[in-house]
Amino acid sequence: MKIGILALQGAFIEHEKILKSLGADCVEIRQLSDLEGIQGLVLPGGESTVQGQLLRKLNLLEPIQKMISDGLPVLATCAGLILLSEHLESDETTHLATLPVTTKRNAYGRQLGSFTTAAPMKYVGEIPMVFIRAPYIESADNGVEVLATVDEHIVAVKYQNQLGLSFHPELTEDNHIHQYFLDMVASRI
Ligand code: GLN
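Conventions used here
Residues numbered from 1 in each chain as written. Predicted model: local features only at pLDDT ≥ 70, side-chain atom pairs only at ≥ 80, totals over all residues. Heavy atoms only, no water. Helix = DSSP H or I, 4+ residues; strand = E, 2+ residues; numbered from the N terminus. Rg over C-alpha atoms; globule rule 2.2 N^0.38 Å. Buried < 20%, exposed > 50% of the residue type's maximum accessible area, 1.4 Å probe, protein only. Contact = heavy atoms within 4.5 Å. Areas by Shrake-Rupley, 256 points an atom, 1.4 Å probe, with all protein chains shown as cover. Lys, Arg positive; Asp, Glu negative; His and termini not counted. Charge placed at Lys NZ, Arg CZ, Asp CG, Glu CD. Near = heavy atom within 4 Å. Polar contact = N/O pair within 3.5 Å; in protein donor to acceptor, adjacent residues only side chain to side chain. 1 Å grid on protein atoms, 1.4 Å probe; cavity = no way out; pocket = protein on both sides within 12 Å on 5 of 7 lines; lining within 4 Å. Sits in = over half its atoms within 2 Å of the grid points. Nonpolar A, V, L, I, M, F, W, Y, C, P; charged D, E, K, R; others polar. Arc of directions from axis to C-beta. Disulfide = S-S within 2.5 Å. Pairing = 2+ DSSP bridges.

Trainee: Please clarify how the overall build of the protein should be interpreted in this entry.
Mentor: For the protein, the count of helices and strands is five helices and twelve strands. Relative to the compact-globule value of 16 Å for 189 residues, the protein shows a C-alpha radius of gyration of 15 Å, a close match. For the protein, the spread of C-alpha atoms along the three principal axes comes to 40 × 35 × 30 Å. With 189 residues in all, the protein has 54% of them scored as buried. When contacts within the protein are restricted to residue pairs at least 6 apart in sequence, long-range pairs at least 24 apart make up 63% of them. Summed over all atoms, the accessible surface of the protein reaches about 8,400 Å², with 47% contributed by carbon and sulfur. Averaged over its 14 positive side-chain charges, the protein has a centre that lies 5 Å from the centre of its 23 negative ones.

Have a look at this one:
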């Protein structure tokens, strides 16, 4: 199984380590040719504004958008979720905009917005969740499945082939989400 990991900025190495340990082949995505033959895609955390600018500059935005719309399984965490969101609560500029939700950036405040908790997530069970200047999903359109909430805010959703998380599963020892993502990829191929 060949998984692409967007490697322009942010916490991509951690995803790569976990996916390799679960038996996947990983390719770091930095240019168009890297996208060839990938069967799943990870959009890591980091800084969504920077990642969005780089996606445009490198002409990766539209090809990735099309691959996701055509059904490529995608796991997006934190800034990755912001890249996927169709609407952003306080930004005019959206990026891939394939996931029909409205997401609020830095939703927990910029300074004190980092914390760890644990909560149940549909399909994977109770998991640790690390939030770092995290967004949450303010509202989700019909057809978007809410997988987890923390303090009544939506922090994990699934919409067809897209899995969007406002926290960082790659910064914990718990691999259930990555395994679930690989199962999504396997069931498509
Ligand atoms: N605050 C970042 C943003 O708006 C996301 C933080 C993260 O990915 N940990 O892009």
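The rest of the description comes next.
Trainee: Can you help me understand the site of the ligand in this one?
Mentor: Residues in close proximity to the ligand include G45, G46, E47, S48, C78, A79, I82, R105, N106, I132, R133 and H168, which together make up its full environment. Contacts to the ligand include I132, whose backbone N or O atom sits 2.9 Å from a nitrogen atom. Separating a nitrogen atom of the ligand from a backbone N or O atom of R133 is a distance of 3.0 Å. Protein contact buries 98% of the 300 Å² of open area that the ligand shows by itself. Among the cavities detected, the one that contains the ligand is the largest pocket. Split by residue class, the shell around the ligand holds four nonpolar, five polar and three charged.

Trainee: Mind showing me how you'd approach helix α3 (residues 61-69) here?
Mentor: Structural remark: α-helix, 3.6 residues per turn; residues separated by three or four positions point the same way. Among the residues of α3, those classed as buried are L61, I64 and I68. Within α3, the buried residues cover an arc of 75° as seen down the axis, which keeps them to one side. Pointing more than 90 degrees away from the buried face of α3 are the exposed residues E62, K66 and S69. Once α3 finishes, G71 follows within two positions and takes phi at roughly 115°, a positive value.

Trainee: Would you take a moment to explain unusual backbone geometry for this structure?
Mentor: Note: most residues except glycine have negative phi, and most peptide bonds are trans. Its identity as a non-glycine residue notwithstanding, C78 has a phi of 55°, on the positive side. Topologically, C78 is positioned in the loop between β4 (74-77) and α4 (79-84). Assessed through its relative accessible area of 4%, C78 is described here as buried.

Trainee: Just to check I follow, could you spell out the state of the cysteines for this structure?
Mentor: Cysteine pairs can be linked by a disulfide, which is a covalent bond between their two sulfur atoms. Counted according to the given criterion, the structure contains zero disulfides. Here C26 is not disulfide-linked; the sulfur of C78 is the nearest cysteine sulfur, at 20 Å.

Trainee: Quick question: what am I supposed to make of the environment of E170 here?
Mentor: Looking at where E170 falls in the secondary structure, it is placed in the loop between β12 (162-165) and α5 (176-188). A polar contact is formed between the side chain of E170 and the side chain of H15, at a distance of 3.5 Å. Looking at E170, its side chain comes within polar contact range of the side chain of H168, at 2.7 Å.

Trainee: Teacher, can you tell me more about the pairing of strand β3 (residues 40-43) here?
Mentor: By the alternation rule, side chains of β3 split into G40 and V42 and L41 and L43, which are all buried. As paired elements, strand β1 (residues 2-6) and β3 share three bridges and run parallel to each other. Bridging from a neighbouring strand, I3 pairs with G40 of β3. As judged from the three bridges shared by β3 and β4, these two strands associate in the parallel manner. Across the sheet, residue L41 finds its bridge partner in β4, namely V74.

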